[in-house]
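# Overview (structure and organization)
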Amino acid sequence: MELLTFFEKWWSSIKAPTIPHYGRSIHALPNPKEQELFDLSATAFSANDILLGYRYFLESLQHSDDPKHLELNINSDTITFKLMQGSALIHGQVTEKEFKAYAQIAQASVLHVAMKRRFLERNFQLTYCHFSQNDDIITLGIKFRNTTITPQKIFFPLRELALNADFEKEFIASEFEASALLEYDHLTALDHPKLHFYYSTMHEWIATTKSSLVGLLSNDNNGMASFSYLALLLQIDYLLIPHKKMAKDINEKINVYFMEDEKLTQDKNSDLESYLDELEAMSFETFSTQFYSAPTTFSPFDQAMHDDIAEFIDESLAKVRWYKNNHINYVITTIYRYIALYILFNYGVHPSLRALFHLHIQIYASDFFAALGETTLYDSTLKVFQKKSISDAIDTALAPYQKRYKNLRNFANELNYSDLDHFSQSFYLQVKNLDYQEL
């Protein structure tokens, strides 16, 4: 009995996983019974119980701590639902015979002709859904018969519909007028004090980055400038989470930089610097229109293998070694900051890794989090790490998944807390070597 009591206390002491409310992934916890409900859905479909299968599938999408993103209405012969994905609202209806879902995009009569042409082109790119016009309304929708249905055959079309409806509405808002958009009122605007804080913070980050590069902008320092500009844009995107034109432009600037073309690094850096000038010149009135909050159902990322993450960390740490060996110390701290930001921008990662990389960002942007009243893991003035808080954060990130991945362990005691650079080096090596093998 004492042994049973011990294990009950041990399991109850495991903290629930935390999801950082930053970046462009889901800011909520997945349903803890997600896999179980998914399997029940498959079983129900196999038994030809169509509505029950859909009910289990839709319930598997329900986030455990943010139920507002998905509304279900279950009747004896139909299921209707409404699903939120950023700027898009997805309406769905299920009967025994068919499944259909759609998102209203915009009012056709006020759309620019270039946008209508774009919709036609996009129909050739999409796999499951398509754009259409009914009366004066442009919609993106899917419809199929419920023959040989499986949860996977619903998941991928519904995810494509949700992600692309959100993407296209954001594109219209960034390039044309948001007033043309339909079902756009569910977005929650940020309050003015927070917007003013974001605006001044962005200007402070830009000024700091530019001043740090004074005297370094020569052909020999192109790599240093690249890391500085990219890290800054990634930080703006992750911590401030702009939408509309700002989000589109930042995404394009980063992706264009990494395109394999004949453009010189110096010219690419000039493009990035010019964009920072644009951000500096942006008025607060324009800036404030680029921000809102809204629930999301689907992550825009496909989850990467841990080997891919480890390989990127290895390649980045090799660059750190090169700069160290050449006694170019300024850029080292910037690269360490860049690694976590780029991974969260470019890869879908396991929730435990997302929490760990967020921890690293918290340490490097400690003043930002302190100003928002959030946990401070590093005192930038005294240059002191909050070791207990860091250990607790690592434990909270890993403990919920240790039952599945037996070799995951809290590595806080293995970290080097002598300074930021040594901390980052030891941190990334520990993250790289995490064991996600199921035993």
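See the structure above.
Figured I'd write up the structure that's included with this text. (Residues numbered from 1 in each chain as written. Predicted model: local features only at pLDDT ≥ 70, side-chain atom pairs only at ≥ 80, totals over all residues. Heavy atoms only, no water.)

## Examining the packing of aromatic side chains
- Taken as a whole, this structure holds 36 aromatic pairs when the rule is applied.
- Relative to Phe99, the ring of Phe81 has its centre 6.2 Å away and its plane inclined at 15°; by these criteria the two rings are stacked. A residue pair is termed long-range when its members are at least 10 positions apart, and Phe81 in strand 2 (residues 79-85) and Phe99 in strand 4 (residues 98-107) qualify at 18 residues.
- A residue is classified by how much of its surface remains accessible, and Phe81, at 5% relative accessible area, is buried.
- For Phe99, a relative accessible area of 0% gives the class buried. (Phe/Tyr/Trp six-rings, centres within 6.5 Å; stacked < 30°, edge-to-face > 60°. Helix = DSSP H or I, 4+ residues; strand = E, 2+ residues; numbered from the N terminus. Buried < 20%, exposed > 50% of the residue type's maximum accessible area, 1.4 Å probe, protein only.)

## Side note on the side chain of Arg337
- Take Arg337: it is sitting in helix 12 (residues 330-346).
- Of the buried charged residues, Arg337 lacks a salt bridge, with Asp421 as the closest side chain of opposite charge at 9.7 Å.
- Engagement of the side chain of Arg337 in a polar contact is seen with the side chain of Gln235, the distance being 3.1 Å.
- Each residue touching Arg337, except ones within four places of it in the same chain, is listed here: Ala231, Leu232, Gln235, His360 and Tyr364. (Lys, Arg positive; Asp, Glu negative; His and termini not counted. Salt bridge = Lys/Arg side-chain N within 4 Å of Asp/Glu carboxyl O. Polar contact = N/O pair within 3.5 Å; in protein donor to acceptor, adjacent residues only side chain to side chain. Contact = heavy atoms within 4.5 Å.)

## What to know about the pattern of salt bridges
- Counted according to the given criterion, the structure contains 16 salt bridges.
- For Glu168, the salt bridge identified is with Arg118, shortest N-O distance 2.9 Å. In this pair, Glu168 sits in helix 5 (residues 151-175) while Arg118 sits in helix 4 (residues 113-125), placing the two residues 50 residues apart along the sequence. Both residues of the pair, Glu168 and Arg118, count as buried.

## Re unusual backbone geometry
- Phi angles above zero are rare outside glycine, and Asn48 is one such case at about 65°.
- For Asn48, the location among the structural elements is in the loop between helix 2 (34-46) and helix 3 (50-60).
- Phi is positive for Lys244, close to 55°, though the residue is something other than glycine.
- In this structure, Lys244 sits in helix 8 (residues 244-257).

## Observations concerning the sheet that holds strand 3 (residues 88-94)
- Judged by pairing direction, the sheet is antiparallel, and its 6 strands sit side by side in the order 1-2-3-4-6-5 without closing on themselves. One side of each edge strand has no neighbouring strand; the edge strands of this open sheet are strand 1 (70-74) and strand 5 (130-134). Adjacent strand axes in the sheet meet at a mean angle of 25°, parallel and antiparallel pairs treated alike.
- Direction of pairing for strand 5 relative to strand 6 (residues 137-145): antiparallel, over a ladder of 5 bridges. Looking at strand 6, one finds that Phe131 is bridged to Leu140. (Pairing = 2+ DSSP bridges. Axes fitted to C-alpha atoms, helices over the stretch in contact; angles between N-to-C directions.)

## A closer look at the nonpolar core
- Met246, Leu279, Leu356, Phe357, Ile363 and Ile390 are the most contacted members of the largest nonpolar core, which totals 87 residues.
- Among the elements that line this core, the one with the most residues is helix 7 (residues 222-240), at 13 residues.
- Ignoring sequence-local partners within four residues, the contact set of Leu279 consists of Met202, His203, Ile206, Leu233, Ile236 and Met246. (Core = buried A, V, L, I, M, F, W, Y, C linked by side-chain atoms within 4.5 Å.)

## Overview of the pairing of strand 3
- Burial of strand 3 is extensive: 6 of the 7 residues sit out of reach of the surface.
- Hairpin geometry of strand 2 and strand 3 is characterised by an intervening segment of 2 residues between the two adjacent antiparallel strands and by a positive phi of about 60° at Gly86.
- Across 4 bridges, the pairing between strand 3 and strand 4 is antiparallel. What sits directly across from Gln93, in strand 4, is Lys100.
- With antiparallel pairing between neighbouring strands as the criterion, strand 3 and strand 4 make up a hairpin whose turn holds 3 residues.

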